[in-house]
Amino acid sequence: MKRQSLIIDCDPGVDDAVALMLAFGAEELDLLAVTTVGGNVPVEKTARNARMLRQIAGRPDVPVFMGAARPLARTLGTATDFHGPEGTGDLTPFEPDLPCADGHAADAIVDLVMSRPAKSVAVAVLGPMTNLALAIRKEPALAGRLGPVAVMGGARSEGGNITASAEFNIWADPEAAAEVLATGAEVVLFGLDATHQVRATEERIAAVEAIGTAMADTAASMLRFSQRVERTIVGWDASPLHDPCPVAWLLKPELFALKPCRVQVETGSDLTRGHTAVEFREAVAGEPLKHRWAVSADADGVFALIREKVS
């Protein structure tokens, strides 16, 4: 089996937790590191949460690096209403046995990618893109050496989930997203247009609960929390499952349909901060379409993959 080398950059976060359980259980992935950023909750909590989830999954071999505490040019905005004050939903936080690895997440990304063959290391960015932007600032050659950068972020036809037009991860650090998208990196975006198709229905949650492993119990707990929050705040019966989508694509690309595009991010307007302008027409873009945008997702396939890997 040829394993995909992967760095997961995240801000756990209940849906990040499900994504991490999916990745921790996937033998097809050579998980080089988990890097964390301030986003859904402050970075000290995202780093702790990643280490908690690593311990639950029994993966002490995967180092966790703490990264940026705040966006490149803004104050930190969190999403505790949707993830709980600790970012762990109904899971009671605990101090993990193992600490964070030494060094900053951005330095770890540079070191791990630059020390391996070009295009061999993928990065799944499940939170604000601050760490990756800092890494590219530190080593501009990084952008051309990265394998696919699978990003959970952005919105087009679905509209936003933090403002009328912006998705939270891009809104949280629009300058970082704009910088990364302006490089030559191969960026594939899984925005709300696709992730809103992957819904945690009662039947799908119950199927994860029935597995009975520690990883499955943790994933199911996160799904239950999201279901309750979505019903209370948004009024949806089945919550969308965002962050597992980039990891699922790396494992089974056939679960998603992608379209070439150019994506630009609004950084100047307070009203439309973090808006993703997704252009599918090369003639209008005036340049080759170097990004890809997920337009559809096989929700049953994504949940089947989650069940397989947390078993």
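Here the structure is shown first, and the text comes after it.
Quantities reported herein were computed from a predicted structural model and do not represent experimental measurements.

## Here's the deal with the overall build of the protein chain
Alright, step 1. In terms of regular secondary structure, the protein chain is built from 14 helices and 11 strands.
Alright, step 2. For the protein chain, the spread of C-alpha atoms along the principal axes amounts to about 50 × 45 × 40 Å.
Alright, step 3. Residues classed as buried in the protein chain amount to 58% of the 311 residues present.
Alright, step 4. Considering only residue pairs separated by 6 or more positions, the protein chain has 81% of its internal contacts joining residues 24 or more positions apart.
Alright, step 5. Only carbon and sulfur atoms are counted for the fraction: they give 51% of the accessible area of the protein chain, which is about 11,600 Å².
Alright, step 6. Each charge class in the protein chain was averaged separately, 29 positive and 41 negative side chains, and the resulting centres sit 3 Å apart.

## Looking at the packing of aromatic side chains
Alright, step 1. Applying the stated criterion across every chain yields a total of 3 aromatic pairs.
Alright, step 2. Where F190 meets W249, the ring centres are 5.7 Å apart and the plane angle is 50 degrees; that geometry is what we call tilted. Of the two residues, F190 sits in strand β6 (residues 187–190) while W249 sits in helix α12 (residues 244–251), which places them 59 residues apart along the sequence. The exposure classification of F190 matches that of W249, with both residues buried.
Alright, step 3. Measuring from centroid to centroid gives 5.2 Å for F190 and F256, while their planes differ by 80 degrees, and the two rings are edge-to-face. Residue F190 is located in strand β6, and its partner F256 is located in strand β9 (residues 256–265); the two are separated by 66 residues in the primary sequence.
Alright, step 4. Site record: aromatic cluster; members linked through ring pairs are F190, W249 and F256.
Alright, step 5. Against the face of W236 rests R199, its NZ or CZ located 4.2 Å from the ring centre.

## A closer look at the sheet that holds strand β2 (residues 29–36)
Sheet strands pair via backbone hydrogen bonds, and the direction of the pair is either parallel or antiparallel.
Alright, step 1. Here we have 9 strands laid out as an open sheet, ordered β3-β2-β1-β4-β5-β6-β11-β9-β10, and mixed in their pairing. The open sheet terminates on both sides in strands that have one partner only, identified here as β3 (64–66) and β10 (276–279). Looking at each pair of strands side by side, their axes are set apart by 30 degrees on average, direction ignored.
Alright, step 2. Here 3 bridges tie β2 to β3, and the two strands are oriented parallel to one another. The residue bridging V34 from the neighbouring strand is V64, located in β3.

## Some words on the nonpolar core
Side chains that are nonpolar tend, in soluble globular proteins, to be buried together.
Alright, step 1. Formed by 60 residues in total, the largest nonpolar core has its most connected members in I8, F24, V247 and F256.
Alright, step 2. Sort the elements by how many residues they give to this core and helix α1 (residues 14–24) lands first, with 9 residues.
Alright, step 3. Not counting residues up to four positions away in its chain, the partners in contact with I8 are L20, A23, L31, A33, V34, T35, A124, L126 and V247.
Alright, step 4. Counting 38 residues, the second-largest nonpolar core is a separate cluster that includes A108, V125, V149 and W293.

## Considering the pairing of strand β4 (residues 121–125)
Alright, step 1. Of all 5 residues that make up β4, 5 are buried, and the element is covered over most of its length.
Alright, step 2. Burial of the side chains of β4 extends over both faces: V121, V123 and V125 are buried on one face and A122 and A124 on the other.
Alright, step 3. The pairing of strand β1 (residues 4–10) with β4 spans 5 bridges and is classified as parallel. Bridge assignment links I8 to a residue of β4, and that residue is A124.
Alright, step 4. Of the pairings in the sheet, the one linking β4 to strand β5 (residues 149–152) comprises 3 bridges and is parallel in character. Within β5, the residue paired with V125 across the bridge is V151.

## Observations concerning the environment of G84
Alright, step 1. On the secondary structure map, G84 appears in the loop between α3 (80–83) and α4 (105–114).
Alright, step 2. Between the alpha carbons of G84 and F225 there is a distance of 8.8 Å; along the sequence they are 141 residues apart.
Alright, step 3. Setting aside residues up to four positions removed in sequence, G84 forms contacts with V41 and F225.

## Brief notes about the packing of α1 against helix α2 (residues 43–57)
Alright, step 1. Relative to each other, α1 and α2 sit at 40 degrees, their axes nearing to 10 Å. Overall, the two elements α1 and α2 adopt an arrangement that is oblique. For the pair α1 and α2, the sense of crossing is right-handed. Contact residues: α1 offers A17, L20, M21 and F24, while α2 offers L53, R54, I56 and A57.
Alright, step 2. Within the contact of α1 with α2, the residues separate by chemical class into 7 nonpolar, no polar and 1 charged.

Reading the values: the criteria
- Residues numbered from 1 in each chain as written.
- Predicted model: local features only at pLDDT ≥ 70, side-chain atom pairs only at ≥ 80, totals over all residues.
- Heavy atoms only, no water.
- Helix = DSSP H or I, 4+ residues; strand = E, 2+ residues; numbered from the N terminus.
- Buried < 20%, exposed > 50% of the residue type's maximum accessible area, 1.4 Å probe, protein only.
- Contact = heavy atoms within 4.5 Å.
- Areas by Shrake-Rupley, 256 points an atom, 1.4 Å probe, with all protein chains shown as cover.
- Lys, Arg positive; Asp, Glu negative; His and termini not counted.
- Charge placed at Lys NZ, Arg CZ, Asp CG, Glu CD.
- Phe/Tyr/Trp six-rings, centres within 6.5 Å; stacked < 30°, edge-to-face > 60°.
- Lys NZ or Arg CZ within 6 Å of the ring centre and 35° of its normal.
- Pairing = 2+ DSSP bridges.
- Axes fitted to C-alpha atoms, helices over the stretch in contact; angles between N-to-C directions.
- Core = buried A, V, L, I, M, F, W, Y, C linked by side-chain atoms within 4.5 Å.
- Parallel < 35°, antiparallel > 145°, perpendicular 65-115°, else oblique.
- Left-handed = near helix turned anticlockwise from the far one by under 90°.
- Nonpolar A, V, L, I, M, F, W, Y, C, P; charged D, E, K, R; others polar.

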